[in-house]
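# Working through the structure, step by step
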Amino acid sequence: MIGILASVVDGVLVGAVYGLAAMGLTLIWGVMNVINLSHGAIIVLGMFVVYFLTGATGVSAYLGIPLVLVVGFLAGIIIYWVSVNRVIGRPILMSLLATFALNMIIIGLGTAAWTTSPYNVPVSLPGITVGNYTFTGTHIMAAVIASVVAGILYLFLHFTRPGKAIRAVASNRDAAELNGIPTRQVLAMAFGLGVALACVSGALIATLFPFTVLSGGAYQLKSFVVTVLGGLGNPAGALLGGIALGMVEGLATPFTPVSWTPIIEFGLFVLVLIAFPRGIFAFTKA
Amino acid sequence: MTALLQAVDLSRRFGGVQAVSELTFDVNQGEILGLIGPNGAGKSTVFNLLNGVIAPDTGQIIFDGADITGLPPYTVARHGIARAHQIMQPLLGLSVLENCMVGACFGRENMNLADAREAAREVAQSVGLGDRVGALAGSLTTAGKKRLEMARALSAHPKLLLLDEVLAGLNPTEIEHMIETIRGIRKSGITILMIEHVMRAIMSLSDRIVVINLGKRLAEGTPREIAENPEVIKAYLGDSKLLTTAEEGVP
Amino acid sequence: MSSSVSQEVAKAGTFKPHHSIAEEIYRHLREPFLWLIVVFTAIVAFAPVVMDDVSMRESLLLAAVYVTLASNLNLMIGYAGYVNFGNIVFFGLGGYIGVYLATSWHVNLVLSVLAGGVGVSALAYLFGRGILGLRGAFFALATIGVNEAIHAFVTNFEPWGGATGIYLSMDAYEPLGGPMSGLWFCYYLIVLVMGLSLLLSYAIKTSKFGLGILAIGQNEDAAAVLGVPTPRYKAIIYAVSGFLPAVAGGLYFFKSGIIEPNGAFDLTTSIEAIVMIMLGGAGTVTGPVIGAFLYEELRGFLLVSETFSHLQLVLAGVLLLIIVLFVPGGLLGWLRARLPWLRKWLQ
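Residues numbered from 1 in each chain as written. Chains lettered and ligands numbered in written order. Predicted model: local features only at pLDDT ≥ 70, side-chain atom pairs only at ≥ 80, totals over all residues.

## Considerations on the overall build of chain B
This is how it is decided: Only runs of H or I of at least four residues qualify as helices and only runs of E of at least two qualify as strands under DSSP, and these elements are numbered from the N terminus. Each radius of gyration is computed over the set of C-alpha atoms, and the globule rule expresses the reference value as 2.2 Å times the number of residues to the power 0.38. Whether two residues are in contact is decided by their C-beta atoms, placed from the backbone, lying within 7 Å.
Per the secondary structure count, chain B includes 10 helices and 10 strands. In terms of overall dimensions, chain B is globule-like: its C-alpha atoms have a radius of gyration of 18 Å, near the 18 Å expected for 251 residues. Expressed as lengths along the three principal axes of its C-alpha atoms, the size of chain B is roughly 50 × 40 × 35 Å. Considering only contacts in chain B between residues 6 or more positions apart, those separated by 24 or more positions represent 66%.

If you want it as structure tokens, here you go:
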């Protein structure tokens, strides 16, 4: 019994990181109605940034997080102006394809540069032992950082001028434009923010598990599941959705072979989509 | 006069707003019935209830002897109710002819494609779009799109035509033109229920008028009776235009 | 003006139908485009045997599979306006059913792949009733979820070999007269499936059903008000768009001699099919064909060239981005906008 409980708690810790990744996806969706299909590739980008950073400078992966944020933000701004700006307001297929094209480009370049062999970021933290079960230190740290970043995002969106501008553009772009908000710049900023969040979650995942250039796909799909659980365009819901997914994974682990997890996840995903197209936790967005 | 459509005690609530409340009225065979009321009175909601876009919470809709309450819009269309929208919804990427063919194919007569093509061509001709049948719907002007909206509904050869502010946004010449078209449609035997804000037009076109306010029926009668009804005048905040246009408009 | 309007409206109201279905079919048979499809299919089918060129057969086979995938996906994306990202699930699942029946149960190959098609279509119809209620991006996401869920399921499904998949022994080709003639047989069938895909696309586009589907693609709510039975039509087109890809999947994997989950449910192939549609022009019959052949050529070139073999994905991505940003109508849309006379020939 304690084993199951521990597994669920561990799932919640990892789930917080999924939640952070999904937050990046859902922020972009909510603000500009674009589903970013390069999300997974960007998560991988975050993984490699922290890998090379720790490799080159020897600093702790956790100290590199602010830099990952900055790199992600700038990358996001560039991506927005190159491939997203022109498809804003066009049929949904166009934005899906534009971001997927980006995904192909990043994955292709990544494969050429780093092959598809596995990498890992060496981090050692002492775990916390409860009874005869030890919670991994890196999992706890990742969950703490994910929660802190999520908290900062909340404060930014609600208590700063640029944050309020983002929310204004998300709720009504035309009205925001009429009130003198430069909407395209705000969209670029929101996109940068979403990409930065994805990068940070990638960096955190890199401290938990080994990864390859192609790992992004799995985490992107998890982000979709989380986003659908939490309600598209709803950052607070995303964190809850992430934790919910982590719990489901944690709960499933003791009972089913690992290879069955995706079936449970995607089955859940499709069912939730059909039953609650606005998300289970979609209570905050009006 | 027999009733083609009977709306009985229709109610519909959206969240905290009672959009339509215990509304009852008949549309008689062959008449033009006007549905008027101040902005937000629930007129478009009534249309949405009648053609199945939304289902009523309570109440019943009897059309041509059949209970059509709560049926989906495509089934209602098959029964013979067609609608021209206030906010035009042309199928932009299809041609004018194809737009009308959709109406003909899936409307009351369930025509095959070749029959629909001919029916659509005739109707397009009749509303003055004869020379634009090959053009993409997206390339039409506002007035053209209004006509297309009408032509598409007519192509179904409906028994009842719902016209939702088809005159809005047209200039005076275009309005005259459209009024003629509406008279022509009625003459061909199609019953019409119309929502309109252009008072002069609705007063002169309608045989009877139903006035609603805040989702409830306020009054019902001939255009002259309506124009003289003190409650109606009050609801319109003493809009004197209603009176004058009625006097000018009624022959 | 006024009296003539009344008369014409009156006339329109008393119109009586008089066209029969036979007349309609006859009208189609005189359509040059129909014969263009037949001739094209025949050329693809017989070119390798006339030229006595096996490598040509292999590349044409791949092209025919691509055309089949792209053309049927176009029914959803180009006609109905629903973005099916997980379309490859039809191909993969059809492949598994077909190969499984042909090898484990020794069912005749043609019957096996047809069973795959029917099975996939039936599943798609039932499933479509559920997920087609979703609009836009939600639908697109759900289709990815469906593909991944089935991918994960098949990976764990022992009767189908789990993660290793099903390998065919040489004996499997015996009923077809050995591997050599078996490969040719599969080739002709796949080309036939390609030709049928194009005929299907054309038939739907020029039918009443197709008119309803096109109306849904333009504006679903307006289509419903006009009388198009939208839920049923969407489920039908979803099921129909799965049939021939599933048959092609059975033939392709039987011919390849192996089917395994990662190859059968590869999301990248799904997206490649979308790239082909966009390249040629969505919503047209010819567009996906042109797109599929161009893409196959490009891919072949990139794979052969040592420098580019790593960067194939990058170039495909750049190509897709350029199309989406600057030529959303695809090659055909671009041409038809400039050369209106092409409309008759390139539907």
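## A word on the confidence of the model for chain C
Detail in the predicted coordinates should be disregarded across regions flagged by low pLDDT. All names here are of chain C. The test is simple: Every residue carries a pLDDT, the predictor's confidence in it, which falls somewhere between 0 and 100.
When pLDDT is averaged across chain C, the result is 86; 90% of the residues are at 70 or more. Overall, residues 1–17 carries pLDDT values under 50, and its contacts beyond four positions in sequence, including any with other chains, amount to 34 contacts. Scoring the predicted complex yields pTM 0.86 and, for the interface, ipTM 0.87.

## Examining the interface of chain A and chain C
Condition: Gly counts as polar in this scheme, as do all residues outside two lists: the nonpolar Ala, Val, Leu, Ile, Met, Phe, Trp, Tyr, Cys and Pro, and the charged Asp, Glu, Lys and Arg.
Taken together, the contact between chain A and chain C spans 34 residues of the former and 35 residues of the latter. Listing elements by their share of the side of chain A that touches chain C, those giving two or more residues are helix H4 (92–114), helix H9 (216–230) and helix H11 (261–275) of chain A. At 16 residues, H4 of chain A tops the list of elements feeding residues into the side of chain A that touches chain C. Across the side of chain A that touches chain C, the residue classes tally to 28 nonpolar, five polar and one charged.

## Notes on the pairing of strand E9 (residues 208–213) of chain B
The side chains of a regular strand alternate between the sheet's two faces. All names here are of chain B. Rules: When DSSP finds two or more bridges between a pair of strands, those strands are recorded as paired.
Note: strand E3 (residues 32–36) against E9, four bridges, orientation parallel. The partner of Leu35 across the bridge, within E9, is Val210. As paired strands, E9 and strand E10 (residues 216–221) are joined by five bridges and run antiparallel to one another. Within E10, the residue paired with Val211 across the bridge is Ala219. Connecting the antiparallel pair E9 and E10 is a turn made up of two residues, with Leu214 showing a positive phi of about 50°.

## Regarding the packing of H4 of chain A against helix H15 (residues 312–326) of chain C
Just so we agree on the cut-off: Note on geometry: axes are C-alpha line fits, over the in-contact stretch for helices, and angles between N-to-C directions span 0 to 180 degrees. Each angle gets one of four labels, with under 35 degrees taken as roughly parallel, over 145 as roughly antiparallel, 65 to 115 as roughly perpendicular, and the rest as oblique. By convention, the crossing between two helices is left-handed when the near helix turns anticlockwise from the far helix through less than a right angle, and right-handed when the turn is clockwise.
Between H4 of chain A and H15 of chain C, the least distance of the axes is 7 Å, while the angle of their chain directions is 160°. What the angle tells us is that H4 of chain A and H15 of chain C run roughly antiparallel. Where H4 of chain A crosses over H15 of chain C, the handedness of that crossing is left-handed. In this structure, H4 of chain A contributes Met94, Leu97, Ala98, Ala101, Leu102, Met104, Ile105, Ile107, Gly108 and Leu109 of chain A to the contact, and H15 of chain C contributes Leu313, Val314, Ala316, Gly317, Val318, Leu320, Leu321, Val324 and Leu325 of chain C. Residue composition of the contact of H4 of chain A with H15 of chain C, by class: 17 nonpolar, two polar and no charged.

## Considering the arrangement of the chains
Contacts are most numerous between chains B and C, taken over all two pairs of chains that touch. Across all C-alpha pairs, the smallest distance from chain A to chain B is 13 Å, and the two are not in contact.

## Some remarks on the sheet that holds strand E5 (residues 66–67) of chain B
Backbone-to-backbone hydrogen bonds join strands into a sheet, with any given pair of strands oriented parallel or antiparallel. Residues and elements named next belong to chain B. With antiparallel pairing, four strands are arranged side by side in an open sheet as E2-E1-E4-E5. If you trace the sheet from one side to the other, it starts and ends with strand E2 (17–28) and E5, each paired once. Bridge analysis of strand E1 (residues 3–14) against E2 gives eight bridges, and the strand direction is antiparallel. What sits directly across from Gln6, in E2, is Asp26. Strand contacts of helix H1 (residues 43–50): E1, E2 and strand E4 (58–63), with the helix running at about 65° to E2, the strand carrying the most contacts.

## Examining the nonpolar core
Note the cut-off: Here a nonpolar core is just a set of buried residues of the types Ala, Val, Leu, Ile, Met, Phe, Trp, Tyr and Cys, joined wherever their C-beta atoms sit within 7 Å. Whether a residue is buried, exposed or partly exposed follows from its count of other C-beta atoms within 10 Å of its own C-beta, namely 20 or more, 12 or fewer, or something in between, respectively; the C-beta atoms are built from the backbone.
Core analysis: the largest hydrophobic core is formed by 296 residues, its most contacted members being Val17, Ala190, Cys199 and Ala203 of chain A together with Ile190 of chain C. Excluding anything up to four places from it in sequence, Ile190 of chain C contacts Leu61, Ala64, Val65, Ala248, Leu251 and Tyr252 of chain C.

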